[in-house]
Amino acid sequence: MDCYTANWNPLGDSAFYRKYELYSMDWDLKEELRDCLVAAAPYGGPIALLRNPWRKEKAASVRPVLDIYSASGMPLASLLWKSGPVVSLGWSAEEELLCVQEDGAVLVYGLHGDFRRHFSMGNEVLQNRVLDARIFHTEFGSGVAILTGAHRFTLSANVGDLKLRRMPEVPGLQSAPSCWTALCQDRVAHILLAVGPDLYLLDHAACSAVTPPGLAPGVSSFLQMAVSFTYRHLALFTDTGYIWMGTASLKEKLCEFNCNIRAPPKQMVWCSRPRSKERAVVVAWERRLMVVGDAPESIQFVLDEDSYLVPELDGVRIFSRSTHEFLHEVPAASEEIFKIASMAPGALLLEAQKEYEKESQKADEYLREIQELGQLTQAVQQCIEAAGHEHQPDMQKSLLRAASFGKCFLDRFPPDSFVHMCQDLRVLNAVRDYHIGIPLTYSQYKQLTIQVLLDRLVLRRLYPLAIQICEYLRLPEVQGVSRILAHWACYKVQQKDVSDEDVARAINQKLGDTPGVSYSDIAARAYGCGRTELAIKLLEYEPRSGEQVPLLLKMKRSKLALSKAIESGDTDLVFTVLLHLKNELNRGDFFMTLRNQPMALSLYRQFCKHQELETLKDLYNQDDNHQELGSFHIRASYAAEERIEGRVAALQTAADAFYKAKNEFAAKATEDQMRLLRLQRRLEDELGGQFLDLSLHDTVTTLILGGHNKRAEQLARDFRIPDKRLWWLKLTALADLEDWEELEKFSKSKKSPIGYLPFVEICMKQHNKYEAKKYASRVGPEQKVKALLLVGDVAQAADVAIEHRNEAELSLVLSHCTGATDGATADKIQRARAQAQKNLPSGLQCTLACCPGPHPTLRALPFPLLPPLYLQGGNHSQRERRPHWSFRPLRLQHPQGQPCF
């Protein structure tokens, strides 16, 4: 254990720092790092180097080369720089390389040197050139801050959604600031700069002078400044050799350290562990590295080579031409277990496990000591946590074995933390491999999340490893394997040395029907690479027709898109394609395309009925569809035309079309409508009033209401209105006019074809009982009772019903007998029923097999039903239904009241 802590360096009494090697770099650099522009991405990201000939006159004629390496020094890309001079390099959160040029253009490259896009920082930057630039990260994304030759600042907080902001001018600034940085406070990006002994904070509205609290006197200039990884703290290096550390808001001082070196450092970065007090800063000169904090002492390292610092979430990466190291504060769990003479539960458990492997009884003594203190659970947790922060697999295994050993003596220790740590360490060890080159720590891995790590493996085209991790962690296919296979397919379509057929077949064989994979997205990538035929082949594998259509339209394969849209059954999608085709093709070709697609033609007709009537007419003309063309002209005659002449002309065109369609009925009806329109116009001219657009019946009714009975009768004759319908129209109209005298004359003009009960009903509807009684006496026998009841003559209705000996009529009269007034009538009906029952014949004999022989006591209901009478139901089958009696048919019943069936 003493050997393990040999590289631990104390910083005061509360913290230890250690530096260990991540990789032995084998990138064979031909230039010193000081002669290159260097940019390294956080979270174990890649390293970009650009040899900068613009700073060396003797090399000005040499084209620079942009090299991209993994963190282990494995080459990822190399390209000859052909653009303008570069001022600064930086990596975005998506691991895209941002190259800021002197003219203010920012070129964006992928991890493998593929050009993605470019954008400009504005005309002012273009005119004044770029002196310096910073790439910074916020919660919104990656930002760029520019210092121009006019000593003004311009920034964008998110290059993915570029919104340039010109910062306020610093008063009296005549030269470049001695140091400056970008920081984020309250979700807003700011610029902090030093001009001599003064500090200025720029936001979008104002320039404010700020003063660090507790700063040592005598400062005439700030030489370097650093913002912590979380933007919460700030460090300032002064020309007096003091390092001031405090909050980024410059409202609170943490500490101040005198390093006794006044030379400006090459770099200064923060170094602290997550969720702890940020209390250490790493400062680098040419051959010296110093770690300073709130302690009076510092930690110093000698640098054998020119080195570069990369701030991380929980430490600092330091790489040179030969090595790549990691400097960080020793985690609390590791410190508790491994510090000299530690009696922490985790330390005792680790010793117990080692003694157990030696088969020593000391293992039992250590366990008893832990259990007596009740700290066995804490010991297991400490070992598990410490294993996560170890870089060497051997030490990880030792700590996990100790944790597993301790778990055996616990009854209810949840295994989740142990299992998850084993899984996480296997993933971390896999990506830390030299050939992969992503030296993530456990804290960085948890902050980054497994999904982002998989995305970064995909960016490096490490598809097999990414799939193995997904399968090992048992991630859902949509989030894991399917998504990675989709990325692989998008990369596969970029291989232009392979034929379209082979690429499409390989992708389909690999992907098949994998859930979550969209062939349309892969086809879109192929089209973006200029491989249209490959995109079409890939779309054939897309099972959802609706997903194929947008890309086919984009590729100008509109006819194929129309077929796919029809297959999808989505009418909105079909309409989208039709409108696209209409704008793309000439009118003739468009109509010809529709003729080959009946469903599309039908949908387009529906669209034209509401939006483009003239186009609809052209479609009918092209198809010689005279029936629909006639209907179109009829609708047009009412929708568009206001003049009677135009409407009649449109109807005449419709009639001609119906004749061509051999629809005689429609043609005759249209001609009748034309005659009616002309007649209605003539009636308006002669009689006044409103007749146009009335139906034939309404026209007749209007004439009758106006007292023009002869014209109404003439109109009825001209249009062959049946007598029954005409009598109803005239009856209703005269009753509405309450012209009772004319109505009576009309009723006596000839025998009514509709009878006289309608006269009674209409008069009662107009509440004229006097007139109704006139017609009640003229009603036929079969409707006499109903007419008398309508006029309220219940007694006479009862007499007629008794005379008719009709049970239904008697029941109807009884239902109208209410109160004492109609009591006598009700009694009269009951007596008539009783008398009729006495007069029934007796000794009737049933001729069916169910009733053999005579039944002297059979009785009949009071009144017979209408002939012929059939007995139904009971035990008689359907084929036995026949007339039951040879004389006047009666409904018979047995004495018990049951029908004789």
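Residues numbered from 1 in each chain as written. Predicted model: local features only at pLDDT ≥ 70, side-chain atom pairs only at ≥ 80, totals over all residues. Heavy atoms only, no water.

Attention now moves to the overall build of the chain. Helices and strands together make up the secondary structure of the chain, namely 33 helices and 31 strands. In the chain, which comprises 901 residues, the share counted as buried stands at 48%. For the chain, the proportion of contacts with a sequence separation of at least 24, taken over those separated by at least 6, is 50%. By element, 49% of the accessible surface of the chain is carried by carbon and sulfur atoms, the whole surface being about 44,700 Å². (Helix = DSSP H or I, 4+ residues; strand = E, 2+ residues; numbered from the N terminus. Buried < 20%, exposed > 50% of the residue type's maximum accessible area, 1.4 Å probe, protein only. Contact = heavy atoms within 4.5 Å. Areas by Shrake-Rupley, 256 points an atom, 1.4 Å probe, with all protein chains shown as cover.)

Below, the discussion takes up the side chain of Glu312. Relative to the helices and strands, Glu312 resides in the loop between strand S27 (308–311) and strand S28 (316–319). One polar contact links the side chain of Glu312 to the main-chain amide nitrogen of Tyr43, over a distance of 2.7 Å. Engagement of the side chain of Glu312 in a polar contact is seen with the backbone nitrogen of Gly44, the distance being 3.2 Å. The contacts of Glu312, once residues within four sequence positions are left out, are Ala41, Pro42, Tyr43, Gly44, Phe229, Arg317, Phe326 and Gln444. (Polar contact = N/O pair within 3.5 Å; in protein donor to acceptor, adjacent residues only side chain to side chain.)

Further remarks concern the sheet that holds strand S16 (residues 188–195). Pairing in this open sheet of four strands is antiparallel, and the strands run S15-S16-S17-S18 from one edge to the other. Pairing within the sheet leaves two strands with one partner each, and these edge strands are strand S15 (179–185) and strand S18 (207–210). Between one strand axis and the next, the sheet turns through 25 degrees on average, direction left out of account. Here strand S17 (residues 198–202) pairs with S18 via four bridges, running antiparallel. If you follow Leu199 over to S18, its bridge partner there is Val210. (Pairing = 2+ DSSP bridges. Axes fitted to C-alpha atoms, helices over the stretch in contact; angles between N-to-C directions.)

Time to look at helix H16 (residues 558–568). Restricting attention to buried positions, one finds in H16 the residues Ser558, Ala561, Leu562, Lys564, Ala565 and Ile566. Of the residues flanking the end of H16, it is Gly569, one or two places downstream, whose phi is positive at about 75 degrees.

Attention now goes to the pairing of strand S8 (residues 97–101). Along any regular strand the residues' side chains alternate between the sheet's two faces. For S8, the buried fraction is high: five of the five residues fall into the buried class. Between strand S7 (residues 86–91) and S8, which pair antiparallel and follow one another directly, the connecting turn spans five residues, one of which, Glu95, has a positive phi of 60 degrees. Bridge count for S8 against strand S9 (residues 105–109) is four bridges, and the pairing is antiparallel. Across the sheet, the residue bridging to Cys99 is Leu107, located in S9. Hairpin geometry of S8 and S9 is characterised by an intervening segment of three residues between the two adjacent antiparallel strands and by a positive phi of about 90 degrees at Gly104.

Quick look at the pattern of salt bridges now. Counted according to the given criterion, the structure contains 27 salt bridges. Put simply, Glu96 and Arg117 hold a salt bridge, and the shortest N to O gap is 3.3 Å. With Glu96 in the loop between S7 and S8 and Arg117 in strand S10 (residues 115–120), the pair connects residues that are 21 residues apart, well separated along the chain. With relative accessibility at 32%, the residue Arg117 sits in the partly exposed group. We note a salt bridge from Asp161 to Lys163, for which the minimum N-O separation is 3.9 Å. Of the residues examined, Asp161 reaches a relative accessible area of 44% and is grouped as partly exposed. Each of Glu96, Asp114, Arg116 and Arg117 takes part in a single network of salt bridges with overlapping partners. (Salt bridge = Lys/Arg side-chain N within 4 Å of Asp/Glu carboxyl O.)

Across the sheet, five strands lie side by side as S1-S2-S29-S28-S27; this open sheet has antiparallel pairing. Strands at the two margins of the open sheet, each flanked by one partner only, are strand S1 (8–11) and S27. The mean inter-strand angle of the sheet, taken between neighbouring strand axes irrespective of direction, is 25 degrees. The pairing of S28 with strand S29 (residues 323–329) spans four bridges and is antiparallel. Its bridge partner being in S29, Arg317 is matched across the sheet by Phe326.

Another point: the packing of helix H6 (residues 393–407) against helix H7 (residues 416–431). Two packed helices can be described by the angle between their axes and the distance between those axes. Between H6 and H7, whose axes approach to 11 Å, the crossing angle comes to 170 degrees. When the interaxial angle is binned, H6 and H7 end up roughly antiparallel. Two secondary-structure elements touch here, H6 through Pro393, Gln396, Leu400, Ala403, Ser404 and Lys407 and H7 through Phe418, Met421, Cys422, Leu425 and Asn429. Broken down by class, the residue content of the contact of H6 with H7 amounts to seven nonpolar, three polar and one charged. (Parallel < 35°, antiparallel > 145°, perpendicular 65-115°, else oblique. Nonpolar A, V, L, I, M, F, W, Y, C, P; charged D, E, K, R; others polar.)

Our next topic: the pairing of S9. With respect to burial, S9 is a largely interior element, five of its five residues being buried. On S9, burial covers both faces: Ala105, Leu107 and Tyr109 on one face and Val106 and Val108 on the other are all buried. Sheet topology note: the S9/S10 ladder contains five bridges and is antiparallel. Looking across to S10, one finds that Val108 is bridged to Arg117. What sits between the antiparallel neighbours S9 and S10 is a turn of five residues, in which Gly113 has the positive phi angle 80 degrees.

Right, let's get into the nonpolar core. Proteins that are soluble and globular tend to have nonpolar side chains buried together. By size, the foremost hydrophobic cluster in this structure holds 94 residues, and its most contacted members are Leu349, Leu457, Ile469, Ile507, Leu511, Ile522 and Leu538. Sequence-distant contacts of Ile522, defined by excluding residues within four places in its chain, comprise Ala486, Ala489, Cys490, Val493, Ile507, Leu511, Val517 and Leu538. Trp740, Phe759, Val760 and Tyr775 belong to the second-largest nonpolar core, a separate cluster that totals 35 residues. (Core = buried A, V, L, I, M, F, W, Y, C linked by side-chain atoms within 4.5 Å.)

Moving on, we come to the packing of aromatic side chains. A complete count under the given rule lists 17 aromatic pairs for this structure. Here the aromatic rings of Tyr356 and Phe405 are separated by 5.0 Å at their centres, their planes lie at 35 degrees, and the arrangement is tilted. Of this pair, Tyr356 sits in helix H3 (residues 345–357) while Phe405 sits in helix H6, placing them 49 residues apart in sequence. By relative accessible area, which is 11% here, Phe405 ends up buried. The residue whose ring lies beneath Arg134 is Trp180, and the NZ or CZ to ring-centre distance is 4.4 Å. (Phe/Tyr/Trp six-rings, centres within 6.5 Å; stacked < 30°, edge-to-face > 60°. Lys NZ or Arg CZ within 6 Å of the ring centre and 35° of its normal.)

The next thing to look at is the environment of Leu425. Mapped onto the elements, Leu425 comes out in helix H7. Looking at Leu425, the relative accessible area reads 3%, which means it is buried. Note: C-alpha distance between Leu425 and His389 (36 residues apart in sequence) is 9.4 Å. Among all residues touching Leu425, those that are not within four sequence positions of it are Ala387, Gly388, Gln396 and Leu400.

This paragraph deals with the packing of helix H24 (residues 696–705) against helix H26 (residues 723–737). At a minimum axis separation of 9 Å, H24 and H26 run at an interaxial angle of 45 degrees. One finds that H24 runs oblique with respect to H26. Where H24 crosses over H26, the handedness of that crossing is right-handed. Contact residues: H24 offers His697, Val700, Thr701, Ile704 and Leu705, while H26 offers Arg725, Leu726, Leu729, Lys730, Ala733, Leu734, Asp736 and Leu737. (Left-handed = near helix turned anticlockwise from the far one by under 90°.)

In this section: the confidence of the model for the chain. Per-residue confidence for the chain averages 82 on the pLDDT scale, and 88% of its residues sit at or above 70. Low confidence marks residues 842–901, where pLDDT is under 50. Its contacts with residues over four positions away, or in another chain, come to 92 contacts. (pLDDT = per-residue confidence, 0-100.)

Okay, the side chain of Glu96 next. Residue classification places Glu96 among the buried residues on the basis of a relative accessible area of 13%. Here Arg116 takes part through its side chain, which lies 2.9 Å from a polar atom of the side chain of Glu96. The contacts of Glu96, once residues within four sequence positions are left out, are Gly90, Trp91, Val108, Tyr109, Arg116 and Arg117.

This part takes up unusual backbone geometry. A negative phi angle is the norm for most residues apart from glycine, just as the trans form is the norm for most peptide bonds. Non-glycine residue Glu95 carries a positive phi angle of around 60 degrees. Tracing the backbone through its elements, the reader meets Glu95 in the loop between S7 and S8.

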